[in-house]
Amino acid sequence: MTGPGDEGGPEGSEVPGEVPEPEQAAVKVPRPKAPRTPETALVATGVLLVAGALLYDVVAVRTGHPARRWRAEIADELATRHLDDLWVLVGAGVATLLGGVLLWLAFAPGLRRWLSLRPHGGTGATIERAGIGHLLADRAAGLTGIEHLRIRIGRRRVRVTLIGPADPASVQRQLREELGRVTLARPMRLDVRSARGAGGVAG
Amino acid sequence: MRRGTVNRTLLGVVGAVLLAVGVLVLAGGLDLYGRLGVDPPGWWPLTSPDQPVVSARSRTRWVGESWWWPTMIGGLSVVVVAMVWWLVAQLRRSGPTSIAVPTPGASGLRLRVRTRALEEALEAGTSVLPEVERAGVRLVRAPGHPRLRGAVRLTPGGDPAGLVEHFETGPRADALSSLGLPELPADLRIRVLQAAPTEPRHWLSRRWRRHPRVE
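Visitor: What exactly am I supposed to notice about the overall build of chain B here?
Guide: Counting secondary structure elements, chain B contains 7 helices and 5 strands. When the elements of chain B are put in sequence order from the N terminus, they spell out α-α-α-α-β-β-α-β-β-α-β-α. With 215 residues in all, chain B has 33% of them scored as buried. Put simply, of all contacts in chain B between residues at least 6 apart along the chain, 46% involve residues at least 24 apart. As presented, chain B carries roughly 12800 Å² of accessible surface, and 60% of it is formed by carbon and sulfur atoms.

Spelled out as structure tokens, the structure:
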């Protein structure tokens, strides 16, 4: 998540994270899940190719034709290569990795770029994380004393690093107001710090 | 069953099989059992690094049985048919082409509204809401009743909460009342545009202007 040009140094002053306003309590909204269609298309095609080729050859053998070269070769390799053969180990490693990735895709909800808003009646909504960043950046653009601003939007917290004489506390108040306007289902923490505290007083 | 559930089940099953086979072969090939002092039960496969992956004996163990070939061919056919069914299902349009409209007053009259007409009406209604730059609405299948799925782009500084409220009381309420539908839940996906800063305030901010540093 850390982009290049991270000017924020350890000497920066930080505004202590305040407790979010009580009226902004979290609302339980089921997290949207990615449908995983493209990934499943790849897997389905792969399974179809393997199972289809095997079925074709098995049926061919049962109807009196000889087995294809590829199946005889694979059976021969599997019967002669031992478990500590390098290629067997490499293949097993690849299968383990691929299996882990597929299981991750099956269980992880995905859609990490989207955050749920409070529903209103029968209308639920999600907002793009970058969109929240755009709102905050536009709000900060109207403030004075900010020379450079870096906004990182996580899934639970927003970190703003600013360079300039502006007071981080007042910037934080303004940005918190803007963040409150978004009405996220689970309100985010907002940390504002000034990287090279040129006159910025923590408070 | 929802499409996402089907997809995730397929991914999970294939992933679990690959992972299990890979871990078994790795454990046997690297002799993890001997190194860790674990003594697997007698039926446990692939325990010694010196044994072949699939020996000719284990490959032909059941070939003589009468049930082997029918089971093999039947199982493979089921897998092939299921995969073909899945791939063909992706080609269908994801939503219904029309939805039934209740006609409580008139018996013997059945009304259907084309999905595209409803979508266009909702899109037009959403586009004129305040601060909306662009809007697209789709009607998708869902368990029980269809759902609306909207993608909305707001102008810089737009108000997401206001959009949700306006959509709920505006286009969605209109569609519900004019069609007399009992239920039509909606999901909105909201993007917000960023205003381009008018002038570079500092040489450091040049980078920020070109690419908003938002992650």
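Visitor: Just to check I follow, could you spell out the sheet that holds strand β5 (residues 186–192) of chain B for this structure?
Guide: Strand pairing in a sheet takes place through backbone hydrogen bonds and is either antiparallel or parallel in direction. Taken together, the 5 strands give an open sheet; going across it, the order is β2(A)-β3(A)-β5(B)-β4(B)-β3(B), and neighbouring strands pair in mixed fashion. Edge positions in the open sheet fall to β2 (114–116) of chain A together with β3 (132–140) of chain B, since each of these has one partner strand only. On average, each strand axis in the sheet is inclined to that of its neighbour by 25 degrees, with strand direction left out of account. Direction of pairing for strand β4 (residues 147–154) of chain B relative to β5(B): parallel, over a ladder of 7 bridges. Residue pairing across strands places B:Gly150 opposite B:Leu188, the latter belonging to β5(B).

Visitor: Explain the environment of B:Leu179 here, please?
Guide: Residues and elements named next belong to chain B. Position of Leu 179 among the secondary structure elements: in helix α6 (residues 160–179). Linking Leu 179 and Leu 118, residues 61 residues apart in sequence, is a C-alpha distance of 9.5 Å. Excluding residues within four positions of it along the chain, Leu 179 makes contact with Val 101, Pro 102, Val 113 and Leu 118.

Visitor: Looking at this structure, I do not really get a positive patch on the surface. What am I missing?
Guide: Taken together, the side chains of A:Lys28, A:Arg31, A:Arg112, A:Arg156 and A:Arg186 define a basic patch exposed on the protein surface. Position of A:Arg112 relative to the elements: it lies in the loop between α3 (86–107) and β2.

Visitor: Explain the interface of chain B and chain A to me, please; I cannot follow it from the model alone.
Guide: Often, the extent of an interface is quoted as the loss of accessible area upon association of its parts. With 72 residues of chain B at the interface, the matching set in chain A holds 83 residues. Taken together, both faces of the contact between chain B and chain A bury some 6600 Å²; the carbon and sulfur share is 67%. In this structure, A:Glu128 engages B:Arg191 in a salt bridge whose closest nitrogen and oxygen atoms are separated by 3.0 Å. At the surface where chain B touches chain A, the tally comes to 27 residue pairs in polar contact (both at pLDDT 80 or more). Of all the secondary structure elements, the ones that give two or more residues to the side of chain B that touches chain A are α1 (3–29), α3 (56–59), α4 (68–91), α6, β5 and α7 (206–210) of chain B.

Visitor: Can you help me understand a nonpolar patch on the surface in this one?
Guide: Together, A:Leu86, A:Trp87, A:Val90 and A:Val94 make up a nonpolar patch on the protein surface, roughly 440 Å² of accessible area in all. If you trace the backbone, A:Val94 turns up in helix α3.

Visitor: What should I look at first to understand the nonpolar core in this one?
Guide: In summary, soluble globular proteins display a tendency toward joint burial of nonpolar side chains. A:Ile127, A:Ile132, A:Val158 and B:Ile190 are the most contacted members of the largest nonpolar core, which has 49 residues in total. Not counting chain neighbours up to four residues away, the residues in contact with A:Val158 comprise A:Leu136, A:Ile151, A:Arg152, A:Ile153, A:Leu179, A:Met188, A:Arg189, A:Leu190 and A:Asp191. Counting residues in hydrophobic clusters, the runner-up holds 10 residues, among them A:Ala44, A:Leu102, B:Leu11 and B:Met83.

Visitor: What am I meant to see in helix α1 (residues 37–62) of chain A here?
Guide: Three- or four-residue spacings in an α-helix give side chains the same orientation, since the helix completes a turn every 3.6 residues. Taking 1.5 Å per residue, 26 residues should reach 38 Å; α1(A) reaches 36 Å between its end C-alpha atoms and fits that length. Those residues of α1(A) lying buried are A:Thr40, A:Val43, A:Ala44, A:Ala51, A:Leu55, A:Asp57, A:Val58 and A:Ala60. Here the buried face of α1(A) lies against α2 (69–80) and α3 of chain A together with α1 and α4 of chain B. Positive backbone phi, at 100 degrees, marks A:Gly64, one or two positions downstream of α1(A).

Visitor: Looking at this model, I keep getting lost on the packing of α1(A) against α1(B). Mind explaining?
Guide: Packed helix pairs are characterised by how far apart their axes lie and by the angle those axes make with each other. One way to put it is that α1(A) packs onto α1(B) with a least axis distance of 10 Å and a crossing angle of 50 degrees. With respect to α1(B), the element α1(A) is oriented oblique. For the pair α1(A) and α1(B), the sense of crossing is left-handed. For the pair α1(A) and α1(B), the contacting residues are A:Thr37, A:Glu39, A:Thr40, A:Val43, A:Ala44 and A:Val47 in the first and B:Asn7, B:Leu10, B:Leu11 and B:Val14 in the second. Across the contact of α1(A) with α1(B), the residue classes break down as 6 nonpolar, 3 polar and 1 charged.

Visitor: Even after reading the chapter, I still don't get the side chain of A:Thr40, so can you show me in this structure?
Guide: Looking at where A:Thr40 falls in the secondary structure, it is placed in helix α1. Given a relative accessible area of 0%, A:Thr40 falls into the buried group. Apart from residues lying up to four places away in sequence, A:Thr40 is in contact with B:Asn7, B:Leu10, B:Leu11 and B:Trp86.

Visitor: Quick question: what am I supposed to make of the pattern of salt bridges here?
Guide: Side chains that differ in charge, positive against negative, can pair when their charged atoms come close. Residues and elements named next belong to chain A. Under the counting rule described, the total for this entry stands at 19 salt bridges over all chains. With its nearest N and O atoms 2.5 Å apart, the salt bridge here joins Arg 71 to Asp 57. A residue pair is termed long-range when its members are at least 10 positions apart, and Arg 71 in helix α2 and Asp 57 in helix α1 qualify at 14 residues. On the accessibility criterion, Arg 71 (22% relative accessible area) is partly exposed. The class for Asp 57 is buried, based on a relative accessible area of 0%. For Arg 81, the salt bridge identified is with Glu 77, shortest N-O distance 2.6 Å. Here Arg 81 falls in the partly exposed class, since its relative accessible area comes to 29%. We classify Glu 77 as partly exposed; its relative accessible area is 37%.

Visitor: What's the story with α6(B) in this structure? I'm lost.
Guide: Residue and element names in this part refer to chain B. The first and last C-alpha atoms of α6 sit 27 Å apart over 20 residues, in line with the 28 Å expected at 1.5 Å per residue. Taking the backbone nitrogen of Ala 161 as reference, a side-chain oxygen 3.3 Å away marks Asp 159 as the first, capping residue of α6. Just past α6, the residue Gly 180 takes up positive phi, approximately 70 degrees.

Visitor: Just checking my understanding: could you explain the confidence of the model for chain A for this structure?
Guide: Any region with low pLDDT has predicted coordinates that should not be read closely. Residues and elements named next belong to chain A. Of the residues in chain A, 84% have a pLDDT of 70 or more, and the chain-wide mean is 83. When mean pLDDT is compared element by element in chain A, α3 scores highest at 95, while strand β1 (residues 13–14) scores lowest at 45. Predicted confidence is poor over residues 197–203, with pLDDT under 50, and the contacts of this stretch with residues over four places away or in other chains come to 13 contacts.

Conventions we followed
- For every chain, the first residue of the written sequence is number 1, and numbering continues from 1 onward in sequence order.
- Naming scheme: in the order in which they are written, chains are lettered from A and ligands are numbered from 1.
- This being a predicted model, a pLDDT of at least 70 is required before a residue's local features are given, and a value of 80 or more before pairs of side-chain atoms are given or counted; all residues contribute to the totals for chains, interfaces and linings.
- Calculation of side-chain values draws on the structure's entire complement of heavy atoms; hydrogens and water are dropped beforehand.
- A run of H or I in DSSP becomes a helix once it reaches four residues, and a run of E becomes a strand once it reaches two; helices and strands are each numbered from the N terminus.
- Whether a residue is buried, partly exposed or exposed follows from its accessible area with a 1.4 Å probe, protein chains only, as a fraction of its type maximum: under 20%, in between, or over 50%, in that order.
- Any pair of residues with heavy atoms lying within 4.5 Å of one another is described as a contacting pair.
- Areas reported here follow the Shrake-Rupley algorithm with a probe of radius 1.4 Å; residue values treat only the protein chains shown as occluding.
- Between any two strands, at least two bridges found by DSSP are needed for them to pair.
- The axes used here are C-alpha line fits, helices contributing only the stretch in contact, and every angle between their N-to-C directions lies in the interval 0 to 180 degrees.
- The patch calculation keeps residues exceeding 30% relative accessible area without a salt bridge and links them within 9 Å when they carry like charges or within 5 Å when they are nonpolar (Val, Leu, Ile, Met, Phe, Trp, Tyr).
- The term salt bridge refers to a pairing of a side-chain nitrogen on Lys or Arg with a carboxyl oxygen on Asp or Glu at a separation within 4 Å.
- When charges are counted, Lys and Arg contribute as positive and Asp and Glu as negative, whereas His and the chain ends are disregarded.
- Note that the charge is assigned to NZ on lysines, CZ on arginines, CG on aspartates and CD on glutamates.
- What counts as buried area is the accessible surface, traced by a 1.4 Å probe, that two parts surrender upon association, with contributions from both included.
- Pairing of N or O atoms within 3.5 Å defines a polar contact, subject to two protein rules: one partner must be a possible hydrogen donor and the other a possible acceptor, and residues neighboring in sequence count only if both atoms are side-chain atoms.
- We call a set of buried Ala, Val, Leu, Ile, Met, Phe, Trp, Tyr and Cys residues a nonpolar core when their side-chain atoms join them within 4.5 Å.
- Each helix should span, by expectation, one fewer than its residue count multiplied by 1.5 Å.
- Just so you know how the angles are binned, under 35 degrees is roughly parallel, over 145 roughly antiparallel, 65 to 115 roughly perpendicular, and the rest oblique.
- The hand of a helix crossing depends on one turn: near helix anticlockwise from the far one by less than a right angle means left-handed, and clockwise means right-handed.
- Ten residues, namely Ala, Val, Leu, Ile, Met, Phe, Trp, Tyr, Cys and Pro, are considered nonpolar, four, namely Asp, Glu, Lys and Arg, are considered charged, and the remaining ones, Gly among them, are considered polar.
- Looking at any residue, its pLDDT shows the predictor's confidence there, from 0 to 100.

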